[in-house]
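The chain contents come next:
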Amino acid sequence: MAHSARFAFDLMQRDTAVSAARWLAAFYPEVGVGLGTDAVELQSERRDTDELGAIWAAALANELLHARGEAARRAAREALFR
Amino acid sequence: MTFLPLRARHLDHGATLWVGDGGGFFRSSPDLARRMLGQALTQQDRAFLRAGGFMIEAGDRLGNAAFLYGLAERAVQAGTLDYLILVPTLRCNLSCSYCQVSRVGERQPGFDWSDATLQAVLDTLDRLPGERIKIEFQGGEPTLRPDLLRAVIARCQRFAERQFVVCSNLQVIDDEILALFDNPELYLSTSLDGDALTHQRHRTGTPMQTDRFFENLRYVIERYGPEKVSALPTIDTLAPPDIDTLIDSYATLGLDSIFLRPINYQGFARKRHRASREQDGSWRSYHERFVRAIIARNWEDRSRVLEESYTSICLRRIFQPGADRHVDLRNPNPLGYDYVVIDHDGVVYPTDEARMLSRSGIVDLALGDVFSGWAGERRDLLNRHASNLDDPGCQRCTYQPFCGRDLVDDLARYGRIDHPRLQTEFCRRHLHLFDFLFRLIYEESPAVRYSLSRWLRLDGTPDGLGPVYA
């Protein structure tokens, strides 16, 4: 049975959410991703709605951490490999 | 500003895996991600993250230094050249359907090192500045030219630490070859695809050649002990062998390590085994069942430890940064510095797969030759893409600290090095493998913990291998 879950995001989160949704499709190939203007819908044969919620939280947190840490990580790479 | 050098991945029901940039990791419930997104981390969360080096507050110089140290510990610094793969001849006395290097017939002239090439190889050895050397003789079948092997080994005696590996099909071992094998610094590597019928179908072709191979394999194991001999199976993923039969084929010979390899999409395999370009879920499922079968055997019979070699390598990459020099899984993966391949004609390649690609006429990845050197623009160009730190997919990947970079594999499969990383076979394979390993790490099973601890070369078996944050 296919499971699906819809997750709304607000304008403040939009850039992060859109990017998270795009990467999610690559990192979790068993999950289908539909992206709307203010929500994302995840579908899966294998993952139930609880798990889809956990996947979305992890993907969104991952993208947030990436966006917020990008400058620090770039500086670290330059410090190490210059 | 507070910096969290951390990545998140949903692992299983109720479990989010968090991995720091330096490779430290823990598991939590999905609520931690939700608190992070809601900017509602508790004092307890913050204290836990700070203590593990997963949160660095502005002005925390010690925390920042620890973070940089963690990154540096994971990054490969190529040393001086000390590992050479030498191909003294491309001739071979077998004709395997998935031969990766498109070998030539046993009697075909012009595919052995010339005197000038041998001399240039010896001169190269003389110039190496280090105290240790590892040489792997590949082919073709290198034992067709024992004289060349002897010349190289003799020239290496000045190195304090020496290791030689002869990759042989073991079809012929006469007195001259045995005298070579008797060297305690020399190890043997061969292919063993499973039971006699499977091996014959894939490689030896006739019952006579098959019998000869097994006879010779048993003979060298008896003569030298199994620790001198390693064997690898190549698996046709469309018709993989029965798992227990394959393990038995190794275990009965006293061989504990099995490096499970699907057919490499190289050489003759590109035409004859087209499906080997991409592995699907059935291969990954086969690999998991294989590893679990080994875990069950190790638990049942604790007098010996079997392992799937690549799984062990990846496991050690998680827990023991810097402990393994496996060149297919390191980052950055600088090419043409600390190891090179010298082909039968003296041409130098960055990897054996690069040699195969060139032999197949796909792309010429030669860096130069043994006569005039290989440091130059071509090597520099390749090395601009030798890291996983700059790729947007890898930057978001939880397993980036443990993973590597194999641009030659990307070239082999897709003809380019900028194929979206997450769509590459290399990435899919390792994403799945690391998912599998982390599930094992967190599995509540004494049998699993026992095998993982042995593969990590631990003395005992800890109660748990992975930290958990409730």
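See the structure above.
Presented here is a report on the structure given in the accompanying data block. Computed from a predicted structure; not experimentally measured.

Description of the sheet that holds strand E3 (residues 39–44) of chain A
Residue and element names in this part refer to chain A.
Next, step 1: Spatial ordering of the open sheet is given by E1-E3-E2, a layout of 3 strands whose pairing is antiparallel. Each end of this open sheet is capped by a strand with a single partner; those strands are strand E1 (3–8) and strand E2 (32–35). Along the sheet, successive strands turn relative to each other by an average axial angle of 15°, direction set aside.
Next, step 2: The sheet contact formed by E1 and E3 spans 6 bridges and is antiparallel. From the neighbouring strand, His3 faces E3, where its bridge partner is Ser44.
Next, step 3: Against the sheet, helix H1 (residues 14–27) engages E2 and E3, with an angle of about 155° to E2.

Brief notes about the layout of surface pockets
Next, step 1: Taken as a whole, the second largest pocket spans an internal volume of roughly 510 Å³.
Next, step 2: What lines the second largest pocket is a set of 20 residues, and nearest its centre among them are Pro29, Glu30 and Arg46 of chain A together with His432 and Asp435 of chain B.
Next, step 3: Counting only elements with at least two residues in the lining of the second largest pocket, the list comes to H1 of chain A together with helix H11 (281–300) and helix H17 (425–441) of chain B.
Next, step 4: Considering each element in turn, the lining of the second largest pocket owes the most residues, 5 residues, to H17 of chain B.
Next, step 5: Taken together, the residues of the lining of the second largest pocket sort by class into 6 nonpolar, 4 polar and 10 charged.

Notes on the interface of chain A and chain B
Often, the extent of an interface is quoted as the loss of accessible area on bringing the components together.
Next, step 1: Taken together, the 29 residues of chain A in the interface contact 36 residues of chain B.
Next, step 2: Summed over the shared surface of chain A and chain B, the number is 3 salt bridges.
Next, step 3: Residues Arg77 of chain A and Asp390 of chain B are paired through a salt bridge, measuring 3.4 Å at the closest nitrogen-oxygen approach.
Next, step 4: Here chain A and chain B share 11 residue pairs in polar contact (both at pLDDT 80 or more) between them.
Next, step 5: The class makeup of the residues in the side of chain A that touches chain B is 16 nonpolar, 5 polar and 8 charged.

Digging into the nonpolar core
Next, step 1: Ranked by internal contacts, the top residues of the largest apolar core, which has 135 residues, are Trp56 of chain A together with Leu84, Ile135, Val152, Phe181 and Phe438 of chain B.
Next, step 2: If you tally residues by element for this core, the top one is H17 of chain B, at 10 residues.
Next, step 3: Setting aside residues up to four positions removed in sequence, Phe438 of chain B forms contacts with Leu11, Leu17, Phe25, Ile318, Tyr399 and Phe402 of chain B.
Next, step 4: Membership of the second largest hydrophobic core comes to 15 residues, among which are Ala8, Phe26, Ala33 and Met55 of chain B.

Conventions used here
- Each residue is numbered by its place in its chain's sequence as written, counting from 1.
- Chain labels run from A onward and ligand labels from 1 onward, assigned in the order the entries are written.
- Two thresholds apply to this predicted model, a pLDDT of at least 70 for residue-level local features and 80 or more for giving and counting side-chain atom pairs, whereas whole-chain, interface and lining totals are computed over all residues.
- Side-chain metrics rest on all non-hydrogen atoms present in the structure, leaving aside hydrogens and water.
- DSSP-based pairing: two strands are paired if at least 2 bridges between them are found.
- Per the convention used, a helix needs a DSSP run of H or I reaching at least four residues, while a strand needs a run of E reaching at least two, with both numbered from the N terminus.
- Axis geometry follows a simple rule: fit a line to the C-alpha atoms, using only the stretch in contact for helices, then measure angles between N-to-C directions, giving values from 0 to 180 degrees.
- Whether two residues touch is decided by their heavy atoms; if any such pair falls within 4.5 Å, the residues are in contact.
- Cavities and pockets were defined on a 1 Å grid built from protein atoms only: a cavity is a group of points that admits a 1.4 Å probe but offers it no way out, a pocket is an open group of points flanked by protein on both sides within 12 Å along at least five of seven lines, and a lining residue is one with an atom within 4 Å of any such point.
- Grid points are joined across faces, edges and corners, and a volume is the space filled by probe spheres set on the points.
- Asp, Glu, Lys and Arg are counted as charged, while Ala, Val, Leu, Ile, Met, Phe, Trp, Tyr, Cys and Pro are counted as nonpolar; the rest, among them Gly, fall into the polar class.
- Only one rule defines a salt bridge in this text: a Lys or Arg side-chain nitrogen within 4 Å of an Asp or Glu carboxyl oxygen.
- Residues adjacent in sequence count toward polar contacts only when both atoms are side-chain atoms; beyond that, a polar contact is any pair of N or O atoms within 3.5 Å, and within protein one must be able to donate a hydrogen and the other to accept it.
- As used here, the term nonpolar core means buried Ala, Val, Leu, Ile, Met, Phe, Trp, Tyr and Cys residues forming a set that is joined through side-chain atoms within 4.5 Å.
- Exposure is judged per residue with a 1.4 Å probe applied to protein chains only, and the accessible area is read against the type maximum: over 50% gives exposed, under 20% gives buried, and values in between give partly exposed.

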